[in-house]
Each structure stands twice: as C-alpha cells, then as structure tokens.
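A structural walkthrough
Here is how the chains run, residue by residue.
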Amino acid sequence: MTYVGRFAPSPTGPLHFGSLVAAVASWLDARAHGGRWLVRIEDVDTTRTVPGAADDILRALEGFGLYWDGEVVWQSRRTQLYEAALERLRSRGLVYRCRCSRKEIADSAIQGVEGAIYPGTCRKNVPGTISAEIVPDTFFAERLRVDDAPIAFDDRVQGRVTQDVGREVGDFILKRRDALHAYQLAVVVDDAAQGVTDVVRGADLLQSTARQVLLQRLLGSPTPRYLHFPVATNARGEKLSKQTLAPAANGERAGELLRAALAFLGQPRPGAGVPARILVEASAAWEAKRIPHRLAQAVAV
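All of these numbers come straight from a predicted model, not from anything done at the bench. (Residues numbered from 1 in each chain as written. Predicted model: local features only at pLDDT ≥ 70, side-chain atom pairs only at ≥ 80, totals over all residues. Heavy atoms only, no water.)

1. A closer look at the overall build of the protein chain
Each helix and strand counted, the protein chain has 9 helices and 14 strands in total. Radius of gyration (C-alpha) of the protein chain: 20 Å, near the 19 Å computed for a compact globule of 301 residues. Principal-axis analysis of the C-alpha atoms places the extent of the protein chain at approximately 65 × 40 × 40 Å. At a minimum sequence separation of 6, the contacts of the protein chain that also span at least 24 residues come to 75%. Counting only carbon and sulfur atoms, one obtains 52% of the accessible surface of the protein chain, whose full area is about 14200 Å². Of the side-chain charges in the protein chain, 39 are positive and 34 negative, and the distance between the mean point of each set is 2 Å. (Helix = DSSP H or I, 4+ residues; strand = E, 2+ residues; numbered from the N terminus. Rg over C-alpha atoms; globule rule 2.2 N^0.38 Å. Contact = heavy atoms within 4.5 Å. Areas by Shrake-Rupley, 256 points an atom, 1.4 Å probe, with all protein chains shown as cover. Lys, Arg positive; Asp, Glu negative; His and termini not counted. Charge placed at Lys NZ, Arg CZ, Asp CG, Glu CD.)

2. Topic: the packing of aromatic side chains
We describe a pair of aromatic rings using the distance from one ring centre to the other and the angle between the two ring planes. A full pass over the atoms with the stated rule returns 3 aromatic pairs. The interplanar angle of 85° and the centroid separation of 6.3 Å between the aromatic rings of phenylalanine 17 and phenylalanine 264 together place this pair among those described as edge-to-face. Taken as a pair, phenylalanine 17 in helix α1 (residues 17-32) and phenylalanine 264 in helix α8 (residues 254-264) lie far apart in primary sequence, 247 residues in all. Judged by relative accessible area, phenylalanine 264 falls into the buried class, the value being 4%. Geometry around phenylalanine 140 places arginine 97 over its ring, the cationic atom sitting 4.4 Å from the centre. (Phe/Tyr/Trp six-rings, centres within 6.5 Å; stacked < 30°, edge-to-face > 60°. Buried < 20%, exposed > 50% of the residue type's maximum accessible area, 1.4 Å probe, protein only. Lys NZ or Arg CZ within 6 Å of the ring centre and 35° of its normal.)

3. Looking at the sheet that holds strand β4 (residues 95-98)
Taking strand neighbours across the sheet as the criterion, the 3 strands line up as β4-β7-β10 in an open arrangement whose pairing is antiparallel. Of all strands in the sheet, those with a lone pairing partner are β4 and β10 (173-175), marking the two edges. On average, each strand axis in the sheet is inclined to that of its neighbour by 45°, with strand direction left out of account. (Pairing = 2+ DSSP bridges. Axes fitted to C-alpha atoms, helices over the stretch in contact; angles between N-to-C directions.)

4. Quick notes on the pairing of strand β11 (residues 198-202)
In terms of burial, β11 is largely enclosed, as 5 of its 5 residues are buried. Where β11 meets strand β12 (residues 225-229), 5 bridges bridge the pair, whose relative direction is parallel. From the neighbouring strand, valine 199 faces β12, where its bridge partner is tyrosine 226. In this fold, β11 hands off to helix α7 (residues 209-219), which returns the chain to β12; that crossover is right-handed. (Right-handed = clockwise from strand over helix to strand, strands pointing away.)

5. Some remarks on α8
Counting buried residues along α8, 8 of its 11 residues qualify, which places the element largely inside the surrounding structure. Of the residues making up α8, those classed as buried are Ala254, Gly255, Leu257, Leu258, Ala260, Ala261, Leu262 and Phe264. Packing partners of the buried residues in α8 comprise α1, α2 (53-63), β13 (231-233), α9 (275-285) and β14 (296-298).

6. Some points on unusual backbone geometry
Unusually for a residue other than glycine, alanine 179 sits at a positive phi of about 75°. Turning to its location among the elements, alanine 179 is positioned in the loop between β10 and α6 (183-193). Take alanine 179: its relative accessible area is 40%, and that puts it in the partly exposed class.

7. Quick notes on the nonpolar core
Ranked by size, the top nonpolar core spans 49 residues in total, and within it Phe17, Trp37, Leu61 and Leu66 carry the most contacts. Secondary-structure elements contributing two or more residues to this core are α1, β2 (36-41), α2, β12, α8 and α9. With 10 residues, the top contributor of residues to this core is α1. Ranked by size, the runner-up nonpolar core spans 30 residues in total, among them Val146, Leu185, Val199 and Tyr226. (Core = buried A, V, L, I, M, F, W, Y, C linked by side-chain atoms within 4.5 Å.)

8. Description of the sheet that holds strand β1 (residues 4-7)
Overall, parallel pairing links the 3 strands, which are arranged β1-β2-β3 in an open sheet. The sheet is open, and its two edges are formed by β1 and β3 (73-74), each paired on a single side. As judged from the 4 bridges shared by β1 and β2, these two strands associate in the parallel manner. Looking at the pairing, arginine 6 lines up with leucine 38 of β2. On the sheet, α1 packs against β1 and β2 and is oriented at approximately 150° with respect to β2.

9. A word on the pattern of salt bridges
On inspection of all chains with the given rule, the structure shows 27 salt bridges. Ionic pairing is found between arginine 176 and aspartate 45, a salt bridge with its closest N-O pair at 3.1 Å. Taken together, the positions of arginine 176 in the loop between β10 and α6 and aspartate 45 in the loop between β2 and α2 put the pair 131 residues apart, joining distant regions of the chain. Arginine 176 sits in the partly exposed class, given a relative accessible area of 25%. In this structure aspartate 45 comes out as buried when scored by relative accessible area, which is 17%. Across the salt bridge formed by arginine 160 and aspartate 154, the nearest N and O atoms sit 3.0 Å from each other. Residue arginine 160 is classed as exposed on the basis of its relative accessible area of 55%. By relative accessible area, which is 53% here, aspartate 154 ends up exposed. What you see here is one network of salt bridges that share partners, running through Arg6, Arg40, Glu42, Arg78, Asp190 and Asp191. (Salt bridge = Lys/Arg side-chain N within 4 Å of Asp/Glu carboxyl O.)

What follows is the structure, encoded as structure tokens:
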C-alpha cells in the first residue's frame, strides 16, 4: 500500500517550534517511506480560527522546505461529509441528543483520561423523543453512545496502548451545541477520505486515538498506523502553543530550527546548510525507533 501521511495544523496562530516538530516528523516519515505528504487545515472549530493564520502556516512550511503533495484541504469546507457520516451513525441508533451544560457534567461526573466522564444523563434521549418545535436543535449537542468499547492499538513510539472508551472517556460529542462538528468525527472522516495510511503527531493526541479507532470501526473505515512523538514543552512543562505564548518559528533561522527539531526527535543532526539539503540528509537517515519513548520533552529554542 502506498504510504500517505499528513500534517494537520489548526489555524489558531503562527507555526511555532512544537508544530514545526510535528511537520518535520510527519514529512520525514512520509519521504523516508517514499510516500505522499498531505496538508490539511483543521479549522472545523471556526470559533478558534485566527484570520490569516492558515496562510501564514503554509508560507512558513514552504520557508522551511516542507513542500506538500496535492491541494491543501480545509475542514471548514467539508461539513457535508461530516454530516453524512453523522447521519449514518444516527440511523443505527448510536447517537443521542444531550442538553447538559459543562458545569452540570463537571458537578456530577468522575474524572477520566481527559477531563470529566459524561455520566449518561441524556442517554435515554433518542431521535424524536424531544420535539425541535419545543426546544430548538441548537440547544443540544449530539453524543456517540459508547458501551463496552475496549480499544487497543500499537503505537510506533509509545508501544501497546489500551483504553476502554466507555469507562475512561464515556459518551463523547460528535456535534456541538453550536452546530459545529467535533474534531474526533472530522479527523476520522478526513483521514478516510484522503486515504491516510500513517498518522504522525504529538503525544497530546494519544488519548484521542482510541475514540478515533472506535469511530473508524463504526463507519467501516480503515485504521491508519499511529506514531505519537513527545510533545514539546517549555521549562514549566507547558505544551508550546499560542496560549503559552510560544514564539513563531523564525524562517530566518530555518536551518538552525530544523536541526533543533531533528535533535528533539532523536535523529542525527546534519551539518549546516539550506533547508532542502538538511531535509534530504535527514530523510535518508530517518529512523522512527530513535524518537524518545516519552510523552513530553522540554525545549529551549
């Protein structure tokens, strides 16, 4: 099978060192396998999108020599695909409407792997039991009904990962109260539609993977191979992000930052040179087994 990888940034700010690591790791893994590397702008959550950020990210990738194959895909233009997938799940009775607020859930739920586990308050709701004429649809989120769902997969860096989605996450949201489709649904639909065979991304998304595998099985989609590398953090252990004031990756330091990203990933550091030369040498030497077997790693760049 032809390798198809992807880099899928959210346009909430400029490309910083943490997202550069993600781009470099996914690009190198694809090129080392002779595969294709796609770019997808994950702007399904339009409330967090910063105007102009996506174009800035694309220009930054080019400045670092990270050129992609094919056209860039934008999630905000693919809502019909997400709704079609959601309707397939609805038709099987796997989705129900939920009107619980975050506060109500936090007050009544126990903590799971990623926040409060939904206690199932609205599980009795099925399509048609609450009239939209009485309560508008916008008052509801839509959740996937998760029963016994132990999921196991082999991560190329983190090893065997097992999660009981029902017990550790609970019924999770597929469509939000503001009518936006949730990330978990969108990413599964997009990976299947684009024929993605390998997902290379930060370990901050490791706990999301079981939910995605579950959705892949329910929708009859193939499950890609996964590789989760350590998340880049600052000295305080905070993930590099817009919220933690991570600076934009400076294209004038492209060679230096590429070599720093390679070191972060445990790869040999090529000699100084232009980005294209560094990436050619790095792809020839790339070995995923060198990536540190940890969930997070501090950087100073």
